[in-house]
Amino acid sequence: MLIGLTLSLTIVLFSCSKSKDNPGPGPGTPGNKIMKFTLNTTGLLAADDFSVSFSGSDIEATATTLFKVNGVLQNNQKAIVIKKEQLMAGQVVVETVPLYTVSISAGGFSSAGHTFNFKMEPVVNNVAQTVVNKTITTAVYAEHFSFN
């Protein structure tokens, strides 16, 4: 009887344990997500200073190409910067490969004594997130956003 109980417990324990080679995320552990960020500015002038930088990582930290900008894959780039010239030209769409986390830093100022507006529309796994709307003045603006 004792041998049978010991054998049963051993079988249950080994059948419930995960492989060390591929443990996978545990229950409740977030995984990689597809993210999309639509950027717009209004009133941004050549004399102004403004940029938005993106960096990220997949859950395994192995991906080397993370972003597409306006549909163009940014090969071997773990970080990208969207410059004011790109924003002045019109809407910029940044899309990701499946990533665990994305960090975004936006910053700049109006050097022409006026204001301009910056808008970022984030979407994570096809779910819209809180839209960022900022009015940029001559005071230095800097803000960091994280998505995971």
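Criteria and cut-off values
Residues numbered from 1 in each chain as written. Predicted model: local features only at pLDDT ≥ 70, side-chain atom pairs only at ≥ 80, totals over all residues. Heavy atoms only, no water. Core = buried A, V, L, I, M, F, W, Y, C linked by side-chain atoms within 4.5 Å. Buried < 20%, exposed > 50% of the residue type's maximum accessible area, 1.4 Å probe, protein only. Helix = DSSP H or I, 4+ residues; strand = E, 2+ residues; numbered from the N terminus. Contact = heavy atoms within 4.5 Å. Phe/Tyr/Trp six-rings, centres within 6.5 Å; stacked < 30°, edge-to-face > 60°.

## Points about the nonpolar core
- One finds Leu39, Phe50, Val52, Phe54, Ile82 and Val94 to be the most contacted residues of the largest nonpolar core, which totals 28 residues.
- Top element by residues in this core is strand 8 (residues 116–124). It accounts for 4 residues.
- With residues near it in sequence (within four places) discarded, Phe54 still touches Phe37, Leu39, Phe67, Lys78, Ala79, Ile80, Ile82, Val94, Val102, Ser103 and Ile104.

## Let's talk about the packing of aromatic side chains
- In total, this model carries 6 aromatic pairs according to the counting rule given.
- Ring centres 5.1 Å apart and planes at 55 degrees place the aromatic pair Phe50 and Phe118 in the tilted group. Remark: Phe118 occurs in strand 8 and Phe50 occurs in strand 2 (residues 49–57); sequence separation between them is 68 residues. Exposure class is identical for Phe50 and Phe118. Each is buried.
- Three or more aromatic residues joined by ring pairs form one cluster here, namely Phe37, Phe54, Phe67 and Phe147.

## Some remarks on the environment of Gln91
- Tracing the sequence through the fold places Gln91 in the loop between helix 2 (84–88) and strand 6 (92–96).
- Given the relative accessible area of 48%, Gln91 is considered partly exposed.
- In the structure, Gln91 is positioned 28 residues away from Lys119 in sequence and 9.9 Å away in space, judged by C-alpha atoms.

Honestly, it's all geometry; don't read function into it.
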